[in-house]
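# Descriptive structure summary
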Amino acid sequence: MRRRDLLAAAAAGTVLPRRALGFGESSRIDVCELDLGPGTLSRPNAWKRLLYEVKQTTSVEAEARSVRLPPDDPEMFAHPFAVLLGDGGFAGVSGTGLEQIERYLQYGGFLLIDDTSASEKGPFDAAVRRLLSRLYPTRPLGPLPPDHSLYRSFFLLKRPLGRVDRFPFLEGITVGNLTPVVYSRNDLSGALDRGDDGRPAFSCVPGGERQRREAIKLGMNLVLYSLTANYKKDQAHVRQLMKEGRLE
Amino acid sequence: MMRWLLGGDLGPEGNLVWTAPDWAIIVAVVGALLAWVAAGAGTRPARARAVELALWALALLGAVVAVGGPLWIEEDGRTEPGRLAVLIDGSRSMGIMEDGVPRSDSVQRILDHARSQAEDVEVFHFGDDLVVGSPGSYELPGTDLEGALTGLSERFAGERLAGVVVITDGLDRGLLRRRFLREDAPERPLVPGPLTVYQVGAVTDMLDLSVRSVDSGGYAFIRAPFTIAADIQGLGFADRTVPVTLLRDGGTVTQQRVRLDGEGRARVTFEVVAEDAGRFAYAVQVPVYEGDAVPANNTMPVVVRVVRDRIRVLQVAGTPSWDVKFLRRFLKGDPSVQLVSFFILRTQNDLLTQYSDRELSLIQFPYDRLFAEDLWSFDVVVFQNFDHLPYFQFRSAQLLTNLRQYVEEGGAVVMVGGDRSFSLGRYGGTALADALPVELGRQASPPDPKPFRPALTEEGARHPVTRLAADPVENDAWWARMHEMGGTNVVQRATPDSAVLLTHPSRTDADGAPLPVLSVREVGAGRSMALTVDSSWRWSLSEAAQGRGNQAYLRFWKNAIRWLMKDSTMSRVSLDTPRENYAVGEEVRVVVRARDLGYAPLSGALARVVVDNEGRKERYEGRTNAEGEVVLTVPTANPGTHRVDVVVTHGEVEVGTSGTVFAVMTRDPEVDEVAPDAAFLEWLAGSVQGAYNGPGELGPVVVDADAGRTVRDRRETALWRAPLIALWVGLFAGLAWIVRRRAGLR
């Protein structure tokens, strides 16, 4: 696809003051951080940055904010994009909380899990696997294939980079043709996070800013995937991308 | 004198039978004894007493005899010569034309010949049953020769007939010929006398081209090829090539030339693609050549029900959002829906300078192809927070006009709210706005961002789109507890011909009426829906938060899609028949259902039904009952396609129209085969040692000279009413009375 074709898709027209006219808050995308107590973390600036990038780069109406909620708070159903990040073992979720997460995911919610420790066998990873085995006893967590929709929901990505480049794949739980749970172990939120001064909170290794750029693209793809699911697997898209040589 | 006294002639061979019931005789005897004892009372000379009692005894004896009901029965018998029964085939196949005259023309000559062979001739005709007398016409719909012979045996039970004559073409449709054709040693029929068969009709030079059968499978899927297969048979057409035409609604769809084999048979297959759903009348036709024995079997109709395999929905969204995600999730999850989605992932306002095109997975929005070429292949188009101007550009006017035309011609369009929808999407004054159920201003109206819970209107309480539960009270409860919406587009007002199903609880439109939130409208042959909110997804996830699942959301959108698709269960007037194909003579139950604007059953509505059988129109009328239903019974006297249309009115107002079609098969088993079956008739005669006469032959009728019948006479004389008994009783009672008076008694 040539640049002018893309521009044709986003052709010039009347520029409306959209944001000013936007509906209430519920129509905008934001992030819900799940608070499972010690072992889990909160990085609101990471999500603000991600949502800012989404808002600037895509047509998605995003509100650059996040809320932190315990899993038994029904308010989480107002925020269909949820994240769970941490670096330590967290306690088991209560029956009510577990039941609510299960309903949330069953009826359309999306959960991104981020292991900020990026370790091979850390306590957070173990706690995540315990939680997911309770949520989906018959569906194992497994690597997502390279042609998964989230690698092409906005950007064409080949590798899921975060603050580190250690695990060459994302994991997830797929139900039917949807993946309501995606698990990143490369500390994606670490690549997105910023300090109060606006500077990146962590360095990305080994790729530096180039790697951060890819991590931001992955973050945006995850937001777009949560909104459009397998849209990019529709035949019209696949055929066109293959025709243009952007997809093999 | 004696004959008068006894009430008739009494022969010596008769029997006396007492006809009164036993109890009557016992009562009479007891009564007589009591009377006799009573008569003995009183003082008188012994001789007078004895004489009187003797006379009373004789009188009472006569009375008892009379009460006993004596009957003198004499039986006698005589032998009469055997009768000849003639069975004439009265079926339609006897009317087949041969050399310009019907086959049945030779029947009278054979009948005259039979009458000349016997004195006592009784004539019957048969189709499926045996009937006394000659056939008035040859139009019976079946031929059951064995049934006729059995009927004859039962009619003349115990009598040996002098002969049985059968006049037929041998095209028996009953079990007898079926056994003959299938079995090596078929069981012979029971014939109550020597059989003589006279065949009418000959195979020589007969021509008949016919469609023997048509098979469509009964139903097909829209836009998916299906086959209609037909068996063609041509008597006198062996090894010839004939054109076979497939018709739909009387017009030619396609034609094939097929070569019939050595036995004059061929099978032809048509591949058909139906573009619309509904019932369609197809017919397979072969030409009627000069001399065709049965032109009626040259066309055979069949009605095919075309159903949608999947509903094609085009979802166009101006931006991915939760509302877009949940609607796509619903549509993708419905196996009856084939979804094509296009989401605008980037607008001209979005910055992409730091990313190259090759990093993106975006494709160009094929708006021109979608809205200029492919539009009519979709059943429903959903504009979800989509603003047309940035994409359609200078083609906007044309493409939106296409959309309006698409709706008017039977398509369906939904506009869902958002900051790119309705007047915010600059749809005011466009052709598409003309097809929406709400009026839009040319200037963008600011949305109302305040959360609110939509109110179900009176129409909404009954309308199928907003009927989440069958029970009205439960339905109200569902809507009352639904999650709040996060703001709404503001429209000017609902169009006058729309139905407003949900309204804003506090805001009003330009006329001061509650602001429409969900409205629907019928536009030409199509339908449109306007939902002015962008957070209907909350009816899914927020309901789930309460442990109520997402049924409210699923039911709402499923109802909406079905209504937009004009699902027959959701149209205000529906017309249906239980089947698509019928046989001649069957009655068809035409069921008309009517609903009011709010989809409540409409009682007392007048349904005017016209059944058009290829130009022959019959009209029926009926009024709907409390369930909004009227059932009309339509006879099927003629074969062919029957198009049924109904107009339902209530008072002066037209409620709606509907239509359907059914076929009455021209297939008549009596003219399926036209060539006389000489082999069968020869076997039939031979199997019972009878005689077979070929066409035109008038051989002698086989007669059993010893056959005959005994005619029995029975004569009854009612002695109880014979004058002798009355005289007897009167005489002896009178004498007894005289003796009694002389003895000084009363």
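Keep in mind it's a predicted model, so treat the numbers as computed, not measured.

## Some thoughts on the overall build of chain A
What chain A contains, in helices and strands, is 8 helices and 8 strands. Counting every position in chain A, which comprises 248 residues, the buried fraction comes to 59%. In chain A, the share of contacts with a sequence separation of at least 24, taken over all contacts with a separation of at least 6, comes to 78%. For chain A, the accessible surface area stands at approximately 9800 Å², while carbon and sulfur atoms represent 51% of it.

## A closer look at the overall build of chain B
Check the secondary structure of chain B and you find 18 helices and 37 strands. Looking at the 746 residues of chain B, the share that counts as buried comes to 53%. Relative to all contacts within chain B whose residues are 6 or more apart in sequence, the contacts with residues 24 or more apart total 73%.

## Examining helix α4 (residues 95-106) of chain A
At 3.6 residues per turn, the α-helix brings residues three or four places apart onto the same side. An ideal rise of 1.5 Å per residue puts 16 Å on 12 residues; α4(A) measures up with 16 Å between its terminal C-alpha atoms. Where α4(A) is concerned, the buried positions are Gly97(A), Leu98(A), Gln100(A), Ile101(A), Arg103(A), Tyr104(A) and Leu105(A). Against the buried residues of α4(A) lie β1 (29-34), β4 (81-86), β5 (110-115), α5 (123-135) and β8 (178-184) of chain A together with α14 (538-545) of chain B. Remark: Gly108(A) follows α4(A) within two positions and exhibits a positive phi of approximately 125 degrees.

## Notes on the confidence of the model for chain B
Residues and elements named next belong to chain B. Here chain B shows a mean pLDDT of 87. Residues at 70 or above account for 97%. For chain B, helix α16 (residues 669-672) is the element with the lowest average pLDDT, namely 65, and strand β21 (residues 412-416) is the one with the highest, namely 97. The ipTM value of the predicted complex is 0.90, and its pTM value is 0.59.

## So, the side chain of Thr495(B)
Residue and element names in this part refer to chain B. Mapped onto the elements, Thr 495 comes out in the loop between β24 (493-494) and β25 (498-508). Look at Thr 495 and you get buried, because its relative accessible area is 9%. Polar contacts involving the side chain of Thr 495 include one to the side chain of Asp 497, which spans 3.0 Å. Thr 495 has contacts with Leu 436, Pro 437, Val 438, Glu 439 and Arg 521, leaving out every residue within four places of it along the chain.

## Quick word on the sheet that holds strand β20 (residues 380-384) of chain B
Residues and elements named next belong to chain B. Read across the sheet, 8 strands follow the order β19-β18-β20-β21-β27-β26-β25-β23 without closing on themselves; strand pairing throughout is mixed. Two strands bound the open sheet, and with one partner strand each, they are β19 (337-343) and β23 (455-456). Note that strand β26 (residues 514-523) and strand β27 (residues 526-531) share 6 bridges and pair antiparallel. Each residue of the ladder has a partner; that of Val 520, found in β27, is Met 529.

## Re helix α10 (residues 396-408) of chain B
Residues and elements named next belong to chain B. With 13 residues, α10 should reach 18 Å at 1.5 Å per residue; the first-to-last C-alpha distance of 18 Å fits that figure. Burial in α10 covers these residues: Ser 396, Leu 399, Leu 400, Asn 402, Leu 403, Tyr 406 and Val 407. Taken end-on, α10 shows its buried residues confined to a sector of 145 degrees, consistent with a single buried face. Positive backbone phi, approximately 125 degrees, marks Gly 410, located one or two places after α10.

## Focus: the pairing of β5(A)
Residues in a regular strand point their side chains to alternate faces of the sheet. Residue and element names in this part refer to chain A. For β5, the buried fraction is high: 6 of the 6 residues fall into the buried class. Here β5 shows two buried faces, one formed by Phe 110, Leu 112 and Asp 114 and the other by Leu 111, Ile 113 and Asp 115. Taken together, the 6 bridges between β4 and β5 define a ladder with parallel strand orientation. Looking at the pairing, Leu 84 lines up with Ile 113 of β5.

## Looking at the nonpolar core
All names here are of chain B. Membership of the largest hydrophobic core comes to 154 residues, with the highest contact counts inside it found for Phe 365, Phe 371, Phe 383 and Trp 557. Those residues in contact with Phe 383, other than ones at most four positions away along the chain, are Val 316, Phe 371, Phe 392, Leu 403, Val 414, Met 415, Val 416, Tyr 427 and Leu 432. Ranked by size, the runner-up nonpolar core spans 29 residues in total, among them Phe 237, Ala 266, Val 286 and Val 302.

## Quick word on a nonpolar patch on the surface
On the surface, a cluster of nonpolar side chains totalling about 410 Å² of accessible area is made up of Met1(B), Trp4(B) and Leu727(B). Structurally, the position occupied by Trp4(B) is in helix α1 (residues 2-6).

## Notes on the pattern of salt bridges
Overall, the coordinates contain 46 salt bridges over all chains when judged by the stated rule. Between Asp704(B) and Arg160(B) there is a salt bridge, with the nearest N and O atoms lying 3.2 Å from each other. Here Asp704(B), found in the loop between β36 (691-693) and β37 (708-718), pairs with Arg160(B), found in the loop between α5 (145-155) and β8 (163-168); they are 544 residues apart in sequence, far enough to count as distant. Put simply, Arg43(A), Arg163(A), Asp187(A) and Asp193(A) are held in one network by salt bridges that share partners.

## Re the packing of α14(B) against helix α15 (residues 551-564) of chain B
A packed helix pair is summarised by two numbers, namely the angle formed by the two axes and the spacing between the axes. Residues and elements named next belong to chain B. Look at α14 against α15: their axes get within 7 Å of each other, and the N-to-C directions meet at 155 degrees. Here α15 runs roughly antiparallel to α14, going by the angle between their axes. Here α14 contributes Trp 539, Ser 540 and Glu 543 to the contact with α15, which in turn contributes Ala 552, Tyr 553 and Phe 556. Grouping the amino acids of the contact of α14 with α15 by side-chain chemistry returns 4 nonpolar, 1 polar and 1 charged.

## Observations concerning the environment of Pro186(B)
Checked against the element boundaries, Pro186(B) lands in the loop between α6 (175-182) and β9 (195-199). Those residues in contact with Pro186(B) that sit more than four places away from it in its chain are Arg179(B), Phe180(B) and Trp683(B).

## Details of the packing of aromatic side chains
All names here are of chain B. Summed over all chains, the structure comprises 33 aromatic pairs over all chains. Taken together, the ring pairs connect Phe 342, Phe 365, Tyr 367, Phe 371, Phe 383, Phe 386, Tyr 391, Phe 392 and Tyr 427 into an aromatic cluster. Over the face of the ring belonging to Phe 378 we find Arg 312, whose NZ or CZ atom lies 4.5 Å from the ring centre. When the ring centre of Trp 537 is taken as reference, the NZ or CZ atom of Arg 538 above it lies at 5.1 Å.

## Structural notes on the packing of α4(A) against α5(A)
Residues and elements named next belong to chain A. The N-to-C vectors of α4 and α5 enclose an angle of 70 degrees; their axes lie 10 Å apart at closest approach. On the basis of their axis angle, the class for α4 and α5 is roughly perpendicular. In this structure, α4 contributes Leu 98, Ile 101, Glu 102 and Leu 105 to the contact, and α5 contributes Leu 131, Arg 134 and Leu 135.

## Some points on unusual backbone geometry
Residues Val205(A) and Pro206(A) are joined by a peptide bond in cis, for which omega reads 5 degrees. With respect to the helices and strands, Pro206(A) occurs in the loop between α6 (188-192) and α7 (208-228). Despite not being glycine, Ala229(A) shows a phi value in the positive range, around 50 degrees. Residues other than glycine seldom take positive phi values, yet Gln689(B) does so here, at roughly 55 degrees. Residue placement: Gln689(B) occurs in the loop between α17 (678-687) and β36.

## A few points about the sheet that holds strand β33 (residues 629-635) of chain B
All names here are of chain B. In space, the 3 strands of this open sheet follow the order β28-β30-β33, with antiparallel pairing throughout. Two strands close off the open sheet at either side, each with one partner strand: β28 (573-576) and β33. On average, each strand axis in the sheet is tilted by 15 degrees relative to the strand beside it, whichever way the strands run. Here strand β30 (residues 587-594) runs beside β33; their pairing, made up of 7 bridges, is antiparallel. Across the sheet, the residue bridging to Val 592 is Val 630, located in β33.

## Here we look at the pairing of β8(B)
All names here are of chain B. For β8, the tally of buried residues reaches 6 of 6 residues, placing the bulk of the element in the interior. Covered by surrounding structure in β8 are Gly 163, Val 165 and Ile 167 together with Val 164, Val 166 and Thr 168, the residues of both alternating faces. Examined bridge by bridge, strand β3 (residues 84-89) and β8 share 5 bridges and lie parallel to one another. Bridge assignment links Leu 87 to a residue of β8, and that residue is Val 166. Relative to β9, β8 is paired through 5 bridges, and the arrangement is parallel.

## Quick notes on the confidence of the model for chain A
On average, chain A scores 86 in pLDDT, and the residues at 70 or more come to 85%. Contacts of residues 1-21 of chain A to residues separated by more than four positions or lying in other chains number 53 contacts, the stretch itself having pLDDT below 50.

Reading the values: the criteria
- Residues numbered from 1 in each chain as written.
- Chains lettered and ligands numbered in written order.
- Predicted model: local features only at pLDDT ≥ 70, side-chain atom pairs only at ≥ 80, totals over all residues.
- Heavy atoms only, no water.
- Helix = DSSP H or I, 4+ residues; strand = E, 2+ residues; numbered from the N terminus.
- Buried < 20%, exposed > 50% of the residue type's maximum accessible area, 1.4 Å probe, protein only.
- Contact = heavy atoms within 4.5 Å.
- Areas by Shrake-Rupley, 256 points an atom, 1.4 Å probe, with all protein chains shown as cover.
- Expected span 1.5 Å × (residues − 1).
- pLDDT = per-residue confidence, 0-100.
- Polar contact = N/O pair within 3.5 Å; in protein donor to acceptor, adjacent residues only side chain to side chain.
- Pairing = 2+ DSSP bridges.
- Arc of directions from axis to C-beta.
- Core = buried A, V, L, I, M, F, W, Y, C linked by side-chain atoms within 4.5 Å.
- Patch = residues over 30% accessible without salt bridge, like charges linked within 9 Å, V, L, I, M, F, W, Y side chains within 5 Å.
- Salt bridge = Lys/Arg side-chain N within 4 Å of Asp/Glu carboxyl O.
- Axes fitted to C-alpha atoms, helices over the stretch in contact; angles between N-to-C directions.
- Parallel < 35°, antiparallel > 145°, perpendicular 65-115°, else oblique.
- Nonpolar A, V, L, I, M, F, W, Y, C, P; charged D, E, K, R; others polar.
- Phe/Tyr/Trp six-rings, centres within 6.5 Å; stacked < 30°, edge-to-face > 60°.
- Lys NZ or Arg CZ within 6 Å of the ring centre and 35° of its normal.

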